[in-house]
Amino acid sequence: KDLWYDRTLTFKSDSMKTALDDGDYTADVESSSSMFKVVACALSIKSGKITATVTLSGDGYDKLFVGSAEDAAAADSSQHIGYALDGEGLYTFTFPVSALDVPIAIAAHSVSKDLWYDRTLTFKSDSMKAALDDGDYTTDVESSSAMFKVVACALNIKNGKIAATVTLSGDG
């Protein structure tokens with residue numbers, strides 16, 4: 001028999017995820033270990049593929065592997081992800097990210113112990129912000145006080161750091 005039944009579906013907006021536009025972003029990263037601290041993360045999205053460049057707080061790990069420590073130890077060294085030094089001498093690692101907001105298995109190689117350790121990283125989509133290229137920008141500024149009126153604001157961005165030059169009205 002061809003029977004049709006009325007049903008109601010309720011879609012929960014609090015669990016909705018938006019498709020990410022191609023571009024460069026910064027994001028917060030949650031690590032499973034305090035010994036594996038990510039201090040900065042840049043995400044690059046191109047054609048739906050996500051690549052992360054994470055900066056670690058120290059130099060205790062010299063290689064990463066997307067997967068388990070057991071798989072990393074058995075893998076060919078060409079599959080290991082080496083570090084690059086950033087402008088401040090910190091270790092950065094670049095690797096593909098399969099998903100946001102879920103723990104991703106990462107094996108980290110300890111320099112001092114010469115062992116692989118299981119870690120997880122979770123890239124937080126709700127913290128993502130579009131990254132601005134180095135350069136000079138202007139922006140409007142609102143003040144909460146009429147006595148502190150901003151008439152111009154110039155921003156200089158260099159290596160992820162922002163400097164603002166603010167011009168106020170009046171002379172007092």
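Residues numbered from 1 in each chain as written. Predicted model: local features only at pLDDT ≥ 70, side-chain atom pairs only at ≥ 80, totals over all residues. Heavy atoms only, no water.

On to the overall build of the protein chain. A tally of regular secondary structure across the protein chain gives 1 helix and 12 strands. If you list the helices and strands of the protein chain from N to C, you get β-β-β-β-α-β-β-β-β-β-β-β-β. Counting all 172 residues of the protein chain, 27% fall into the buried class. By sequence separation, contacts in the protein chain at least 24 residues apart represent 51% of the contacts at least 6 residues apart. Put simply, the protein chain shows about 12,400 Å² of open surface, and 51% of that area lies on carbon and sulfur atoms. (Helix = DSSP H or I, 4+ residues; strand = E, 2+ residues; numbered from the N terminus. Buried < 20%, exposed > 50% of the residue type's maximum accessible area, 1.4 Å probe, protein only. Contact = heavy atoms within 4.5 Å. Areas by Shrake-Rupley, 256 points an atom, 1.4 Å probe, with all protein chains shown as cover.)

So, on to the sheet that holds strand 4 (residues 61-66). Judged by pairing direction, the sheet is antiparallel, and its 9 strands sit side by side in the order 5-4-8-9-1-2-3-7-6 without closing on themselves. Strand pairing shows two members of the sheet lacking a second neighbour, strand 5 (81-82) and strand 6 (84-85), which therefore form its edges. (Pairing = 2+ DSSP bridges.)

Moving on, we come to the nonpolar core. In this structure, L43, F95 and F123 are the most contacted members of the largest nonpolar core, which totals 26 residues. Secondary structure elements with two or more residues in this core: strand 1 (23-31), strand 2 (38-46), strand 3 (49-56), strand 4, strand 7 (91-97), strand 8 (104-110) and strand 9 (116-130). (Core = buried A, V, L, I, M, F, W, Y, C linked by side-chain atoms within 4.5 Å.)

This paragraph deals with the pattern of salt bridges. This model, assessed by the stated rule, comprises 1 salt bridge. Of the charged contacts, one joins K124 and E30 as a salt bridge, the two residues approaching to 3.7 Å between their closest N and O atoms. In this pair, K124 sits in strand 9 while E30 sits in strand 1, placing the two residues 94 residues apart along the sequence. Taking relative accessible area as the criterion, K124 reaches 27% and is therefore assigned partly exposed. (Salt bridge = Lys/Arg side-chain N within 4 Å of Asp/Glu carboxyl O.)

Backbone-to-backbone hydrogen bonds join strands into a sheet, with any given pair of strands oriented parallel or antiparallel. Spatially, 10-11-12 is the arrangement adopted by the 3 strands of the open sheet, whose pairing is antiparallel. The open sheet has two free edges, formed respectively by strand 10 (135-138) and strand 12 (161-168), since each of these has just one partner strand. Strand-to-strand twist of the sheet, defined as the mean angle between neighbouring strand axes without regard to direction, takes the value 20°. With 4 bridges connecting them, strand 10 and strand 11 (residues 150-158) associate as antiparallel partners. Considered in strand 11, the bridge of D136 is made with N156. (Axes fitted to C-alpha atoms, helices over the stretch in contact; angles between N-to-C directions.)

Attention now goes to unusual backbone geometry. Unusually for a residue other than glycine, S47 sits at a positive phi of about 55°. When its relative accessible area of 63% is taken as the criterion, S47 is described as exposed. Although it is not a glycine, D114 sits at a positive phi angle of roughly 55°. The topology assignment puts D114 in the loop between strand 8 and strand 9. According to the relative accessible area criterion, D114 is exposed, its value standing at 55%.

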